[in-house]
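Structural characterization, general
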Amino acid sequence: MKPLSLKISIMPSKPAKLKIIWLQGITCNGNTHSFLNDPSLGVLLDSVEFIYHPLLPCNLTLQQLVSKVPKSDILIFEGAYKGDFERAGSEMEELLIALASKTKHIISMGSCASFGGIFKEADPEHISGILFDKENERGPLKKMREKIITLSGCPVHPKWLSFVLDMIRFGKTIAVDEFRRPTELYAYLVHNGCLRNEYFEWKVDSEAFGTKEGCLFYDQGCQGPYTHGSCNKILWNEISSKTRAGTPCLGCTEPSFPKRELFATKTYMSIPAEMPLGIPKRSYLALAGAAKSFHIKRLEERLLK
Amino acid sequence: MITHQLIERIEGEAVLDFRCDKSGRIEEANIRFLHFRGMEAILEGRSALDALVIAPRVCGICGHSHLIAAARMIENAYTNAGFTFTISPKANAIREITLSCELIQNHIKWLYLVMLHESGKLLGEEPSVALKALYVSSQVNQLCALFSGQWPHSSYALPGGVTCDPTHIEVMQALKIISEVERFVEDEVLGCSAKAFEGHISSNSLLSLGGDFGKLLRQMERLELLDAGKSHGRFLVLGDNAGCIANGVRGAANSALVSEDSSQTFAEGGDTYAKNALYNGEFYETGPLSRALVTQRLGITSLYQHYGDGAITRLSARVDEIVYLISHVRFLLSSIDLSQSSFTAPSAIESISGTGVGIVEAPRGSLIHKARIEKGKIAEYSIITPTQWNLGNGTSDMLGVAQKAMIGAESIAKASLIFRTFDVCSVCTTH
């Protein structure tokens with residue numbers, strides 16, 4: 001019998017599953033349902049274990065989570081933060097801080113958790129993200145900033161989350177931007193990969209919604225050229241994106257979300273008030289002027305006749 | 001003595017306050033919702049079109065219904081202000097396809113994550129993650145995204161139509177997905193063809209169904225709950241194919257008879273954030289069972305004649321709706337005319353002052369968005385969600401729908417399961 005037990009002991013042991021707690025603040029559950037869209041969910045669940053999740057089967061009830069306040073490897077927080085917002089009778093001011101201080105990594109899941117988002121609008125003074133309040137770093141977890149990864153977006157793409165979970169699992173360093181968003185996901189703009197890019201280059205605007213042709217940046221309020229996110233690289237539901245369905249990018253990954261008048265482009269002397277990211281107005285005007293002076297017949301016609 | 005039971009996995013939580021007799025039988029049940037976000041206040045002051053972005057964020061599982069309700073509300077405001085514009089049959093069909101997808105994925109998640117899971121737990125089993133159901137839900141959402149760009153939280157429906165302009169590529173992909181979903185429903189959910197399922201309903205042999213739905217019904221039978229959960233037998237549909245049933249009589253529904261009652265809310269000294277929705281001053285049930293009965297879908301209508309509005313009828317209606325919607329989506333996809341326009345631009349929103357009402361049949365029932373618009377800006381916004389009808393908290397002489405269904409249950413655990421047959425959504429109820 002001895003050799004057998006020896007053999008077992010030298011076999012590489014299966015790595016322990018990462019223990020995750022998914023806690024919700026003021027939320028619509030959109031990130032939860034977006035996460036469930038991940039077609040590789042089964043593979044993901046082979047390597048992680050939800051100690052608590054608002055929808056998936058898990059070990060603890062909410063009541064038990066609140067009374068035990070267990071340790072975890074990763075705390076995912078979905079929804080906006082308000083100190084006196086309660087889950088199972090426990091205020092976020094205590095519960096979030098306690099769970100956060102007993103975990104190794106924190107993922108700020110969605111734009112509400114990251115910057116305050118839509119729900120901040122109801123009580124701007126008291127509602128914020130967990131690290132940022134809009135673009136200001138003054139959230140309740142600012143002392144723990146180094147272990148926070150921000151995944152902004154309304155909602156977050158399931159593959160953005162599973163990418164971060166995998167990076168943590170493999171012990172890799174995640175490079176982040178000034179809002180602690182992974183640069184490999186957020187260095188791209190929503191504009192990158194948009195099927196309407198050629199119309200943008202040649203300044204051909206979309207005359208109306210509901211067509212395949214024209215760029216939505218000039219009239220329809222598209223924020224793609226200055227919104228960080230890989231929506232047109234890692235497609236939504238594996239297949240599409242807002243701009244591919246003719247909807248303007250609404251800027252949902254940015255601290256400024258939600259802006260106002262979302263389906264119209266603010267212009268100044270008929271020039272978009274906000275420039276594509278990092279492009280000086282003078283450069284934009286020079287190129288736009290040149291592009292507009294040409295009439296490219298192909299781009300002015302219907303794509304499919 | 002009152003026992004407080006925290007109900008979770010319902011898109012947030014609810015608290016049920018039970019008073020039981022000595023044997024544990026439920027004598028009184030109160031339903032409370034303790035979270036409130038103030039969606040209506042967030043909408044006020046904004047451009048009416050911003051509602052198409054804000055309103056879907058009421059709810060992560062039925063946000064698309066809120067989008068369509070908001071779009072219809074604005075369209076209705078245009079009409080009331082004297083503007084006429086048309087929406088092409090194509091745009092209408094696309095909206096109906098995406099909305100149907102939201103209902104299908106919702107019902108599948110409810111069946112597996114809620115009903116099979118919770119009834120199994122009550123029988124001492126530890127059900128694992130229903131990965132196959134989540135995978136097929138993601139397929140349904142993919143079908144939706146072919147037109148809406150993404151699910152959840154799309155804003156692709158605007159007053160005047162839809163933003164997408166699909167080609168046959170999207171339509172053919174969608175047809176393929178709906179066939180896959182149909183195969184899942186027949187192989188896994190029903191264990192037989194849709195036609196054979198109809199036969200099982202009409203021959204009253206649902207308990208011999210082979211699939212997971214048959215398993216659920218047998219679990220409910222073991223718990224002696226198939227016949228439980230009877231309520232008022234009053235049904236309401238205010239969206240498409242509107243109608244109502246009371247005292248066994250079917251009639252037209254008139255949205256002017258809808259009212260909200262906030263007497264139980266914190267604002268008026270009560271202990272919940274949820275307002276009750278009433279029709280003609282009374283509690284009515286909305287949702288799949290109401291839709292089946294009001295449109296007289298054969299199987300569910302005969303099941304109702306046998307069992308009344310007990311759990312077996314309510315559960316079957318939701319599953320039957322999946323079957324119905326799959327064939328409906330296929331019909332819409334097959335008959336769509338892509339040469340029509342996707343969008344007809346209305347006059348500028350700034351030219352609109354007046355009120356608008358938009359009503360949609362959402363997964364859980366009739367959803368109403370109402371607003372007063374002043375020069376294109378939202379002056380007042382009011383949302384009534386399906387769960388406000390079904391989960392209303394009444395008084396002992398006027399019980400809410402789910403409240404009445406829970407009274408008489410043998411235990412708190414069983415009453416809580418009956419509560420879940422209504423497909424509870426916390427975030428919608430208080431919004």
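In short, a report on the structure. The model shown is predicted, which means the values in this text are computed figures rather than measured ones. (Residues numbered from 1 in each chain as written. Chains lettered and ligands numbered in written order. Predicted model: local features only at pLDDT ≥ 70, side-chain atom pairs only at ≥ 80, totals over all residues.)

**Focus: the nonpolar core**
- Leu52, Leu111 and Ile418 of chain B are the most contacted members of the largest nonpolar core, which has 221 residues in total.
- Two domains each donate at least three residues to this core, and these are domain 1 (15–184) and domain 2 (188–294) of chain A.
- Apart from residues lying up to four places away in sequence, leucine 52 of chain B is in contact with Leu67, Ala70, Ala71, Ser155, Ala157 and Leu158 of chain B. (Core = buried A, V, L, I, M, F, W, Y, C linked by C-beta atoms within 7 Å. Buried ≥ 20, exposed ≤ 12 C-beta atoms within 10 Å, placed from the backbone. Domains from an automatic or database assignment. Contact = placed C-beta atoms within 7 Å.)

**Things to note about the interface of chain B and chain A**
- In this complex, chain B contributes 55 residues to the contact, which on the side of chain A involves 49 residues.
- If you list the elements that add at least two residues to the side of chain B that touches chain A, you get helix H1 (39–43), helix H2 (51–54), helix H4 (89–122), helix H5 (131–148) and strand E5 (161–162) of chain B.
- Residue composition of the side of chain B that touches chain A, grouped by class: 27 nonpolar, 19 polar and nine charged. (Helix = DSSP H or I, 4+ residues; strand = E, 2+ residues; numbered from the N terminus. Nonpolar A, V, L, I, M, F, W, Y, C, P; charged D, E, K, R; others polar.)

**Regarding the sheet that holds strand E8 (residues 249–251) of chain B**
Residue and element names in this part refer to chain B.
- Read from one edge of the open sheet, three strands run E6-E7-E8, paired in antiparallel fashion. Each end of this open sheet is capped by a strand with a single partner; those strands are strand E6 (235–237) and E8. Pairwise comparison of adjacent strand axes, ignoring direction, gives a mean angle of 15° for this sheet.
- Direction of pairing for E6 relative to strand E7 (residues 243–246): antiparallel, over a ladder of three bridges. Bridging across to E7, leucine 236 finds its partner in cysteine 244. (Pairing = 2+ DSSP bridges. Axes fitted to C-alpha atoms, helices over the stretch in contact; angles between N-to-C directions.)

**Focus on the environment of leucine 235 of chain A**
All names here are of chain A.
- Along the chain, leucine 235 falls in the loop between helix H10 (197–201) and strand E8 (267–268).
- Along the chain, leucine 235 and asparagine 29 lie 206 residues apart, while their C-alpha atoms are 21 Å from each other.
- Not counting residues within four places of it along the chain, the set of residues in contact with leucine 235 comprises Ser240 and Ser241.

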